[in-house]
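# Topology and contacts: notes
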Amino acid sequence: MQELKTTKGDLVDAKKRLEEQVSEDDKKLQAEADKVQQELAALDRRHTVLQQDHDAAVQESLDSIGTALNENGKVIVTGCLGKRADLIREAYPDVLSISGPQDYASVMHAVHDVLPPKRNKFLDIVPDTGVKLTPKHYAYLKISEGCNNRCTFCIIPKLRGDLVSRTADDVLREAEKLAMGGVKELLVISQDTSAYGVDVKYAEHEWHGKAYRTRMTELCEGLSELGVWVRLHYVYPYPHVD
């Protein structure tokens with residue numbers, strides 16, 4: 001076999017080619033790094049501009065609320081900024097109600113709290129307290145429908161579906177109407193009272209200027225303001241329900 005001989009010149013040439021290749025790779029990496037830095041800088045500038053636009057829009061909305069309060073004195077706030085109720089309350093604690101986007105029911109309830117609609121005896125045949133099938137002194141108050149548990153002995157989930165909780169403010173408004181109609185005892189019912197609010201992650205809503213989470217303990221606090229007896233039915237001590 002022919003032996004391969006490596007001369008000093010060959011080693012020098014190989015070293016030179018290797019250095020050139022490394023240098024070329026370094027240039028490419030540096031170019032990529034510079035490109036990434038430029039893109040990050042552009043994103044940062046864009047984020048700054050968007051943040052400035054957002055802050056300006058928020059301030060414009062707050063200024064509009066202030067102007068309306070000065071001109072009218074009675075303001076109901078709804079829309080995207082309604083998600084930041086703390087910010088609005090801090091700036092204008094006298095607003096009547098705050099709700100988020102597309103929360104039409106809360107807006108109408110807030111309007112009717114300030115300006116109750118006039119009843120038309122020819123059109124409004126259902127009383128404000130609703131239609132009850134129980135004696136005057138007590139009424140059932142359903143707070144949710146369905147159940148998330150799958151007990152082998154129970155068919156409720158198949159009949160009623162998964163848990164669907166009413167918001168705390170909706171329940172409290174109905175309870176208030178019942179109390180105003182002469183009800184002295186409210187029987188709170190559902191298929192799974194203990195799990196009330198789990199499905200909506202204990203969402204917070206406002207009733208009479210105070211925030212209540214869709215949670216059993218806070219619902220009971222609100223019901224206690226009505227001066228009636230409250231009985232909770234179907235309360236199960238599940239380990240996962242606090």
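Structure report, in brief.

### Some details on the packing of aromatic side chains
According to the stated counting rule, one finds two aromatic pairs in the structure shown. Measuring from ring centre to ring centre gives 6.1 Å for Tyr-138 and Tyr-140, while their planes differ by 85°; the resulting arrangement is edge-to-face. Tyr-138 gets classed as partly exposed once you look at its relative accessible area, which sits at 22%. Residue Tyr-140 is classed as partly exposed on the basis of its relative accessible area, which comes to 44%. Taking NZ or CZ as reference, Arg-215 lies 3.9 Å from the ring centre of Tyr-202, over its face.

### With respect to the pattern of salt bridges
Overall, the coordinates contain nine salt bridges when judged by the stated rule. Salt-bridge contacts for Lys-142 lead to Glu-145; the nearest nitrogen and oxygen are separated by 3.3 Å. The partly exposed category is assigned to Glu-145, whose relative accessible area is 25%. When the shortest N-O distance is used, the salt bridge between Glu-174 and Arg-166 registers 2.7 Å. Taking relative accessible area as the criterion, Arg-166 reaches 23% and is therefore assigned partly exposed. Each of Lys-142, Glu-145 and Arg-160 takes part in a single network of salt bridges with overlapping partners.

### Looking at the nonpolar core
A general trend in soluble globular proteins is that nonpolar side chains are found buried together. One finds Leu-141, Ile-143, Leu-186, Tyr-196, Leu-219, Leu-223 and Leu-226 to be the most contacted residues of the largest nonpolar core, which totals 19 residues. The element contributing the most residues to this core is helix 5 (residues 168–180), with five residues. Sequence-distant contacts of Leu-186, defined by excluding residues within four places in its chain, comprise Ala-139, Leu-141, Ala-175, Leu-178, Leu-223, Leu-226, Val-228, Trp-229, Val-230 and Arg-231. With ten residues, the next largest nonpolar core counts Ile-65, Leu-81, Val-95 and Ile-98 among its residues.

Analysis parameters
Residues numbered from 1 in each chain as written. Predicted model: local features only at pLDDT ≥ 70, side-chain atom pairs only at ≥ 80, totals over all residues. Heavy atoms only, no water. Phe/Tyr/Trp six-rings, centres within 6.5 Å; stacked < 30°, edge-to-face > 60°. Buried < 20%, exposed > 50% of the residue type's maximum accessible area, 1.4 Å probe, protein only. Lys NZ or Arg CZ within 6 Å of the ring centre and 35° of its normal. Salt bridge = Lys/Arg side-chain N within 4 Å of Asp/Glu carboxyl O. Core = buried A, V, L, I, M, F, W, Y, C linked by side-chain atoms within 4.5 Å. Helix = DSSP H or I, 4+ residues; strand = E, 2+ residues; numbered from the N terminus. Contact = heavy atoms within 4.5 Å.

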